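If you want the building blocks of each chain, they are given just below.
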Amino acid sequence: MGRLVVVGSLNVDSVIAVQRHPAPGETVLGGDAQTFWGGKGANQAVAAARAARASRSSAPGSAAGVVFVGRVGADAPGRAYRERLAELGVDVAPLAETPGVPTGSAVIAVSAAGENTIIVSSGANARLGVDDLEALEQLTPDDVVVITLEVPLDVVTRASELAERAGARFVLNLSPVVDLPAEVVRRAEPVVVNEHEAVELAARYDGLTSVLVTRGSDGSEWNGVFVPSASGIDVVDTTGAGDAYCGTLAYALARGDGAEEAMRAATAAAADVVGRAGTQ
């Protein structure tokens, strides 16, 4: 059993409910704005921390640790976010402050059908650098590193190199699909994408041997292993479902679960998130 090291972003989300999303140039009226914790990296770390608590409850001593590597602003939202993650059991020692730069933020419009559009202001997330990856210097072969694409690409590349050097598993949530060195993508075990991103992934990268595709209500598949989605869920807000899936999957792999078991845990976590408002 190893640790899960999450390298990623933290955002404070402002969520506004709308009947429908506006067309370009159009203004629509929305409901009252609500503030939630977000950012793909933090969403994944929170999902992993919840899975860790569940593991401790069901089998004391069976839980892997969760470590977060990222950057926040030296501001009130950044300090509050650090406290939140720590209270949930995440090791935030590698979470650095960036003076003079705000903590990342996002504006999310959620339609009556539960679909969302998102505008992200990266803030301190964009200042994460390879020098912030000291926690990855102590990786072991039992550890898992998970990373998304809301941080600079040189950080993604270096994280993959450090994981490979240590023999640790590297999980890449390639969202959105961008141009990375092919060797970085091939290091991932697995690359996690949704069904739309999978088309782009296939067009850009050849010879990938470990790809996990999530298809929303149609379940998920990883190298021939298929897990159906949860049934009977009243969808409130799809924001963060993919992050909950990926974070829980990576945690389960660090805990020692096999592919199907990890996917089932991830599916349950995603179903829980879509039934609630906010990304976490």
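The preceding data block contains the structure.
Residues numbered from 1 in each chain as written. Predicted model: local features only at pLDDT ≥ 70, side-chain atom pairs only at ≥ 80, totals over all residues. Heavy atoms only, no water.

So, the side chain of serine 220
Examined against the element boundaries, serine 220 turns out to sit in strand β12 (residues 220-222). Excluding its chain neighbours within four sequence positions, the residues that come into contact with serine 220 are Leu212, Val213, Thr214, Val225, Phe226, Val227, Tyr245, Met263 and Thr267. (Helix = DSSP H or I, 4+ residues; strand = E, 2+ residues; numbered from the N terminus. Contact = heavy atoms within 4.5 Å.)

Overview of helix α7 (residues 259-274)
Residues that lie three or four places apart on an α-helix share one face, since the helix turns once every 3.6 residues. The terminal C-alpha atoms of α7, which comprises 16 residues, lie 23 Å apart, in line with the 22 Å expected from a rise of 1.5 Å per residue. Along α7, the residues that are buried comprise Ala262, Met263, Ala266, Thr267, Ala269, Ala270, Ala271, Val273 and Val274. (Expected span 1.5 Å × (residues − 1). Buried < 20%, exposed > 50% of the residue type's maximum accessible area, 1.4 Å probe, protein only.)

Focus on the nonpolar core
Soluble globular proteins tend to bury their nonpolar side chains together. Ranked by size, the top nonpolar core spans 41 residues in total, and within it Leu4, Leu10, Leu85, Val90, Leu249 and Tyr251 carry the most contacts. Secondary structure elements with two or more residues in this core: β1 (4-7), α1 (40-58), β4 (66-73), α2 (76-87), β8 (144-147), α6 (241-255) and α7. It is α6 that contributes the most residues to this core, nine residues altogether. Beyond its immediate chain neighbours, meaning those up to four positions away, leucine 85 contacts Leu10, Val46, Val90, Val92 and Leu95. Ranked by size, the runner-up nonpolar core spans 34 residues in total, among them Leu149, Val156, Val191 and Leu201. (Core = buried A, V, L, I, M, F, W, Y, C linked by side-chain atoms within 4.5 Å.)

A word on α2
The terminal C-alpha atoms of α2 lie 17 Å apart, and with twelve residues this matches the ideal 16 Å at 1.5 Å per residue to within 8%. The set of residues buried in α2 consists of Gly78, Tyr81, Arg84 and Leu85. In an axial view of α2, the angular spread of the buried residues amounts to 125°, which keeps them on one side of the axis. Structurally, the start of α2 carries an N-cap: the backbone nitrogen of glycine 78 is 2.9 Å from a side-chain oxygen of aspartate 75. (Arc of directions from axis to C-beta. Polar contact = N/O pair within 3.5 Å; in protein donor to acceptor, adjacent residues only side chain to side chain.)

Some points on the pairing of β8
Looking along a regular strand, one sees side chains alternate from face to face of the sheet. Burial along β8 is two-sided: the face carrying Val144 and Val146 and the face carrying Val145 and Ile147 are both buried. In the sheet, β1 pairs with β8 via four bridges, with the strands oriented parallel. In the strand pairing of β8, valine 7 is matched with isoleucine 147. Here β8 pairs with strand β9 (residues 169-173) via four bridges, running parallel. Across the sheet, valine 144 pairs through a bridge with arginine 169, a residue of β9. (Pairing = 2+ DSSP bridges.)

What about unusual backbone geometry?
With omega at -5°, the peptide bond leading from serine 175 into proline 176 counts as cis. Structurally, proline 176 can be placed in the loop between β9 and α4 (182-187). Of note, the bond from glutamate 189 into proline 190 is cis; its omega dihedral lies within 30 degrees of zero at 10°. Assignment of secondary structure puts proline 190 in the loop between α4 and β10 (191-194). The backbone phi angle of asparagine 223 is positive, close to 50°, even though this residue is not glycine. Summarising the element assignment, asparagine 223 is placed in the loop between β12 and β13 (225-227).

Some words on the packing of aromatic side chains
Under the defined criterion, the tally for this structure stands at one aromatic pair. With a centroid separation of 4.6 Å and an interplanar angle of 50°, the aromatic rings of tryptophan 37 and tyrosine 81 are classed as tilted. Placement of tryptophan 37 in strand β3 (residues 34-38) and of tyrosine 81 in helix α2 is noted, with a sequence separation of 44 residues between them. In this structure tryptophan 37 comes out as partly exposed when scored by relative accessible area, which is 28%. (Phe/Tyr/Trp six-rings, centres within 6.5 Å; stacked < 30°, edge-to-face > 60°.)

Quick look at the sheet that holds β9
Two strands in a sheet stick together by hydrogen bonds in their backbones, pointing the same way (parallel) or opposite ways (antiparallel). Overall, mixed pairing links the nine strands, which are arranged β5-β4-β1-β8-β9-β10-β11-β12-β13 in an open sheet. Only two strands of the sheet have a single partner each, and these edge strands are β5 (95-98) and β13. This sheet shows a mean twist of 15° between the axes of neighbouring strands, independent of strand direction. Contacts from α7 reach β11 (211-214), β12 and β13 within the one sheet, and its direction differs from that of β13 by about 25°. (Axes fitted to C-alpha atoms, helices over the stretch in contact; angles between N-to-C directions.)

What to know about the sheet that holds strand β7 (residues 116-121)
What the four strands build is an open sheet, ordered β3-β2-β6-β7; its pairing is mixed. In the strand order of this sheet, the two ends are held by β3 and β7, each with one partner. When strand polarity is set aside, the average angle formed by the axes of neighbouring strands in this sheet is 25°. In this sheet, β3 lies alongside strand β2 (residues 11-17) in antiparallel orientation, the contact comprising five bridges. Bridge pairing in β3 links asparagine 11 to glycine 38. Of the strands in this sheet, β2 and β3 are in contact with α2, which crosses β3 at around 60°.

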